[in-house]
Amino acid sequence: MAASAMDGVAATALRSVLHRVRQAAERSSRSSDRIRVLAVSKTKPVSLLREVYDAGHRSFGENYVQEIVEKAPQLPEDIEWHFIGNLQSNKVKPLLTGVPNLVMVETVDDEKIANNLDRVIGNIGRKPLKVLVQVNTSGETSKFGVDPDGCLELVKHVTSNCPNLEFCGLMTIGMPDYTSTPENFKTLAKCRTEVCNALGISEEQCELSMGMSGDFELAIEMGSTNVRIGSTIFGAREYPKKQ
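Description of the structure in this document.

Procedures and definitions
Residues numbered from 1 in each chain as written. Predicted model: local features only at pLDDT ≥ 70, side-chain atom pairs only at ≥ 80, totals over all residues. Heavy atoms only, no water. Helix = DSSP H or I, 4+ residues; strand = E, 2+ residues; numbered from the N terminus. Rg over C-alpha atoms; globule rule 2.2 N^0.38 Å. Buried < 20%, exposed > 50% of the residue type's maximum accessible area, 1.4 Å probe, protein only. Lys, Arg positive; Asp, Glu negative; His and termini not counted. Charge placed at Lys NZ, Arg CZ, Asp CG, Glu CD. Salt bridge = Lys/Arg side-chain N within 4 Å of Asp/Glu carboxyl O. Axes fitted to C-alpha atoms, helices over the stretch in contact; angles between N-to-C directions. Parallel < 35°, antiparallel > 145°, perpendicular 65-115°, else oblique. Left-handed = near helix turned anticlockwise from the far one by under 90°. Contact = heavy atoms within 4.5 Å. Core = buried A, V, L, I, M, F, W, Y, C linked by side-chain atoms within 4.5 Å. Pairing = 2+ DSSP bridges. Right-handed = clockwise from strand over helix to strand, strands pointing away. Phe/Tyr/Trp six-rings, centres within 6.5 Å; stacked < 30°, edge-to-face > 60°. Lys NZ or Arg CZ within 6 Å of the ring centre and 35° of its normal. Polar contact = N/O pair within 3.5 Å; in protein donor to acceptor, adjacent residues only side chain to side chain.

### Topic: the overall build of the protein chain
So, step 1. Looking only at helices and strands, the protein chain features nine helices and eight strands.
So, step 2. What you see for the protein chain is a C-alpha radius of gyration of 17 Å, in line with the 18 Å of a compact globule of 243 residues.
So, step 3. Over its C-alpha atoms, taken along the principal directions, the protein chain stretches across nearly 50 × 40 × 40 Å.
So, step 4. Counting the 243 residues in the protein chain, one finds 51% classified as buried.
So, step 5. Across the protein chain, the mean location of the 28 positive side-chain charges is 3 Å away from that of the 31 negative side-chain charges.

In structure tokens, the structure reads:
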């Protein structure tokens, strides 16, 4: 991606992130083209997403259904959207109908949401949706996700009972205290080993979505295939001022 004198702050930041991803991949003897950088654009205006798109980026993630449903139609159709927030059952249909180019939901954390996604996809007749199973690796009650010891059971439910979902791997948020993050990442990698052994698939066939702005290099060194990067690309989040 050639830098241009016209590049805005976000495009420049994206290039820097991609460079750091390549370096982290090299340090761990991995190929950087196996690692997806998801530009997480929550609270950011469409104009800023457009700048990152124009710099050649196509993978974007959003945390809120209302936001992704508003933004997706205003942006090119070749964007690959990932939904990375907690998904409530009543939002499944608006998400799937409002974002035809949604490629993945990373936050399937119980059988109920898996069943809902599966049913709605069948009803609206869209092609199978890629999903990740979200694991709560930090044990924090504030975090969503299945407990690590329930991970395999949920994966088996998706692969056996949800024909409209394509199981692609595991996702975790982990603790914001980066010194403890390696433990969280190790837990997710252990879950992957268990899942791959049980399903008889190779670890390459099971993605690990872990790592955010503060720890994505470490996550890559520990096997992440999908890093979710918001503020390092787009700047600090802009929450509306409370009235």
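### Comments concerning the pattern of salt bridges
So, step 1. Tallying each qualifying case throughout the model produces 10 salt bridges.
So, step 2. Glu221 is the salt-bridge partner of Arg27, the closest N and O atoms lying 2.8 Å from each other. One end of the pair, Arg27, is in helix α1 (residues 9-27); the other, Glu221, is in helix α8 (residues 216-221), and 194 residues separate them in sequence.
So, step 3. With a relative accessible area of 49%, Arg27 lands in the partly exposed category.

### Digging into the packing of α1 against helix α2 (residues 46-54)
So, step 1. Relative to each other, α1 and α2 sit at 45°, their axes nearing to 8 Å. If you check the angle between α1 and α2, you find them oblique. Our pair here, α1 against α2, has a crossing hand that is right-handed. Each of Val9, Ala10, Ala11 and Leu14 in α1 lies in contact with α2, whose residues at this interface are Leu48, Glu51 and Val52.

### What to know about the nonpolar core
So, step 1. Trp81, Leu102, Val105 and Leu170 are the most contacted members of the largest nonpolar core, which has 66 residues in total.
So, step 2. Top element by residues in this core is α1. It accounts for eight residues.
So, step 3. Discounting residues that sit within four places of it in the chain, Val105 has contacts with Phe83, Leu87, Leu95, Leu117, Leu129, Lys130, Val131 and Leu132.

### Considerations on the pairing of strand β5 (residues 129-134)
So, step 1. Of all the six residues making up β5, five are buried; the element is thus mostly covered by neighbouring parts of the structure.
So, step 2. Of the strand pairs in this sheet, strand β4 (residues 102-108) and β5 are connected by three bridges, and their pairing is parallel. Residue pairing across strands places Val108 opposite Val133, the latter belonging to β5.
So, step 3. Once the chain exits β4 it traverses helix α5 (residues 111-124) before rejoining the sheet at β5, and the crossover so formed is right-handed.
So, step 4. Where β5 and strand β6 (residues 165-171) come together, six bridges link them in parallel fashion. Bridge pairing links Gln134 to Met171 in β6.
So, step 5. Handedness of the crossover is the feature at issue here: the chain leaves β5, passes through helix α6 (residues 151-161), returns alongside β6, and the resulting connection is right-handed.

### Observations regarding the packing of aromatic side chains
So, step 1. For the structure on display, the rule yields one aromatic pair.
So, step 2. With 5.9 Å between their ring centres and 50° between their planes, Phe60 and Trp81 make a pair best called tilted. Here the residue Phe60 occupies a position in strand β2 (residues 59-62), and Trp81 occupies one in strand β3 (residues 80-83), the gap between them amounting to 21 residues. In this pair, the class of Phe60 matches that of Trp81, namely buried.
So, step 3. One cation-aromatic arrangement involves Arg58 over Tyr53; the distance from NZ or CZ to the ring centre is 3.5 Å.

### Section: the environment of Ser160
So, step 1. Following the sequence through the fold, Ser160 ends up in helix α6.
So, step 2. Residue class for Ser160 comes out exposed when judged on its relative accessible area of 56%.
So, step 3. Sequence-wise, Ser160 and Ile35 are 125 residues apart; in three dimensions their C-alpha atoms are separated by 28 Å.
So, step 4. Of the polar contacts made by the side chain of Ser160, one reaches the backbone oxygen of Lys156; its length is 2.8 Å.

Distances and angles like these do not, on their own, reveal function.
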